[in-house]
Amino acid sequence: MKKNIISDAITDINPAYVEQASDYKPVAHKARHTRVLAIAVAAMVMVLMMGAGVIAANGGISGWFSERWEMTTEETITEEHLELVDSFSQALGLSETYDDVTVMVDSAAVSEDRIYLLLKVDGDLDSVVTDYFYSYLTSDSIGFTAGGSSFYGQDESGATRYLLDCHYDYIGEEGDDEMLCTLRVGDMNNNGDVDVIWMFEFTLIRNENSHISLTEDGEIITVTTEQLDYDTYYNPVSVDVTVDITDIVLTEFGVSFICDNTTASVPYGTYTDLCDVYVYMNSGSEVQANLYIEEISDDESIVTMYYYWTVPVNLDEVASIRIGDTAIAVS
């Protein structure tokens, strides 16, 4: 089986990241390859972030989610929604200082397949990091991993915030929710050479997602989604792909389904998906997926798709989802 990862959340990517991800060699227990649009890595997460964005009023990962929710939907996050975010969150509060520049691992939110890690930097980062601010996360409990940064800004104190946001495969012991992790932060040049400056060890607590099945056993839904043909790189052509899908499962963090490529107008995975997948809230607001992962069977007849929302949602507040041109109610 091969796995492809696409994120549309990052721009201005250092070419060294793309080359490093493209040269990834599959791990022994599962044959995969990686296709990169923005950033993808194996067994570690790399975050590239330059500069600072808006000023943030709230601290911690819950504050970040609140702000991102309001930016995405133009609505204030509900108390029930924030309680859900808190249930996946944990404070870390670790810090290391080098040449008057302090990096803090502030807090995290961890699901069964997603990690959000909030970092803060206080001091003149440019005096220490001359090329690219670089961080990567490793753990014996984490296998194939892909991620990047979807937002950055400053808190009230003026510290710059960086969000490490990634999908991961859990390869630890079943029933063991603790993942001992190492985070290395430093400077990476255009050749991909890394100078590790700050390093942290901490334990992340893995939390289970809720799962809602949106299809009956054996139920088939035909959908048409918009994708891009990048064969002509400077002038990509939009392509509509029609395919039968089954086994649609919704969680707080995204939605997954299985595509039958034998029914596809164009084999799913041939083109770059535009994340033409949305979740609609009871309030009328919408959230688009910003990361997707493909798992393609060896004969390429079956493709399992995993789409992830920009910010996790409260399933009690979800009205429907849309996959391409097909809306599906959530009861």
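Please read all numbers here as calculations on a predicted model, not as lab measurements.

Engineer: When you look at the packing of aromatic side chains in this model, what are you seeing that I'm missing?
Structural biologist: For any two aromatic rings, the description comes down to two numbers: the centre-to-centre distance and the angle of the planes. Counted by the stated rule, this structure contains nine aromatic pairs. Between the aromatic rings of Phe88 and Phe253, the centroid separation amounts to 4.9 Å while the plane-to-plane angle is 80°, which identifies the pairing as edge-to-face. In this pair, Phe88 sits in the loop between helix H3 (79-87) and strand S3 (89-98) while Phe253 sits in the loop between strand S14 (237-250) and strand S15 (254-260), placing the two residues 165 residues apart along the sequence. The pair Phe88 / Phe253 is uniform in exposure class, with both members buried. Arranged with centres 4.6 Å apart and planes meeting at 35°, the rings of Phe133 and Tyr162 form a pair that is tilted. Of this pair, Phe133 sits in strand S6 (residues 132-139) while Tyr162 is found in strand S9 (residues 160-170), placing the two residues 29 residues apart along the sequence. Owing to a relative accessible area of 3%, Tyr162 belongs among the buried residues under this scheme. Ring-pair connections join several aromatic residues into one group, and the members of that group are Trp64, Phe65, Phe88, Tyr116 and Phe253. Arg206 extends its terminal NZ or CZ atom over the ring of Tyr170, reaching a point 4.0 Å from the ring centre.

Engineer: I'm lost on the nonpolar core in this one. Help?
Structural biologist: Side chains that are nonpolar tend, in soluble globular proteins, to be buried together. Ile245, Ile248, Leu250, Tyr307, Trp309, Ile321 and Ile323 are the most contacted members of the largest nonpolar core, which totals 52 residues. With near-sequence residues (within four places) excluded, Ile323 lies in contact with Val223, Thr225, Ile245, Ile248, Phe257, Asp276, Val277 and Ile328. Core analysis: the next-biggest nonpolar cluster, separate from the first, contains 30 residues, Val103, Ala108, Leu137 and Tyr162 among them.

Engineer: Would you explain the environment of Arg68 in this entry?
Structural biologist: Inspection of the secondary structure assignment puts Arg68 in helix H2 (residues 60-73). Sequence spacing of Arg68 and Val311 is 243 residues, and the spatial spacing of their C-alpha atoms is 7.1 Å.

Engineer: Mind showing me how you'd approach the pattern of salt bridges here?
Structural biologist: A side chain of one charge can pair with a side chain of the opposite charge if their charged atoms are brought near each other. Counting across every chain of the model gives five salt bridges. As a salt-bridge pair, Lys120 and Asp106 come within 3.6 Å of each other at their nearest N and O atoms. Residue Lys120 is found in strand S5 (residues 114-122), and its partner Asp106 is found in strand S4 (residues 101-110); the two are separated by 14 residues along the sequence. The salt bridge involving Asp155 is made with Lys120; its shortest N-O contact spans 3.2 Å. A residue pair is termed long-range when its members are at least 10 positions apart, and Asp155 in the loop between strand S8 (152-154) and S9 and Lys120 in strand S5 qualify at 35 residues. The class of Lys120 is buried, set by a relative accessible area of 11%. Because the salt bridges share partners, they merge into one network encompassing Asp106, Lys120 and Asp155.

Engineer: Before we go on, may I ask you to explain the sheet that holds S6 in this structure?
Structural biologist: Two modes of strand pairing occur in sheets, parallel and antiparallel, and in both the strands are linked by backbone hydrogen bonds. Within the open sheet, the three strands sit side by side as S6-S10-S11. Their pairing is antiparallel. Of all the strands in the sheet, just S6 and strand S11 (194-205) have a single pairing partner and so form its edges. The sheet shows a mean angle of 20° between the axes of neighbouring strands, taken without regard to direction. Across 11 bridges, the pairing between strand S10 (residues 178-188) and S11 is antiparallel. Residue pairing in the sheet places Gly186 in a bridge with Val196 of S11.

Engineer: What should I look at first to understand H2 in this one?
Structural biologist: Side chains three or four residues apart in an α-helix point the same way, a direct result of the helix having 3.6 residues per turn. Spanning 14 residues, H2 covers 20 Å between terminal C-alpha atoms, matching the ideal 20 Å at 1.5 Å per step. The buried fraction of H2 amounts to 11 of the 14 residues, a majority that puts the element mostly inside the structure. Turning to H2, its buried residues number three or more, namely Gly60, Ile61, Ser62, Gly63, Trp64, Phe65, Ser66, Glu67, Arg68, Trp69 and Thr73. At the exit of H2 stands Glu74, carrying a positive phi of roughly 60°.

Cut-offs and rules
- Residues numbered from 1 in each chain as written.
- Predicted model: local features only at pLDDT ≥ 70, side-chain atom pairs only at ≥ 80, totals over all residues.
- Heavy atoms only, no water.
- Phe/Tyr/Trp six-rings, centres within 6.5 Å; stacked < 30°, edge-to-face > 60°.
- Helix = DSSP H or I, 4+ residues; strand = E, 2+ residues; numbered from the N terminus.
- Buried < 20%, exposed > 50% of the residue type's maximum accessible area, 1.4 Å probe, protein only.
- Lys NZ or Arg CZ within 6 Å of the ring centre and 35° of its normal.
- Core = buried A, V, L, I, M, F, W, Y, C linked by side-chain atoms within 4.5 Å.
- Contact = heavy atoms within 4.5 Å.
- Salt bridge = Lys/Arg side-chain N within 4 Å of Asp/Glu carboxyl O.
- Pairing = 2+ DSSP bridges.
- Axes fitted to C-alpha atoms, helices over the stretch in contact; angles between N-to-C directions.
- Expected span 1.5 Å × (residues − 1).

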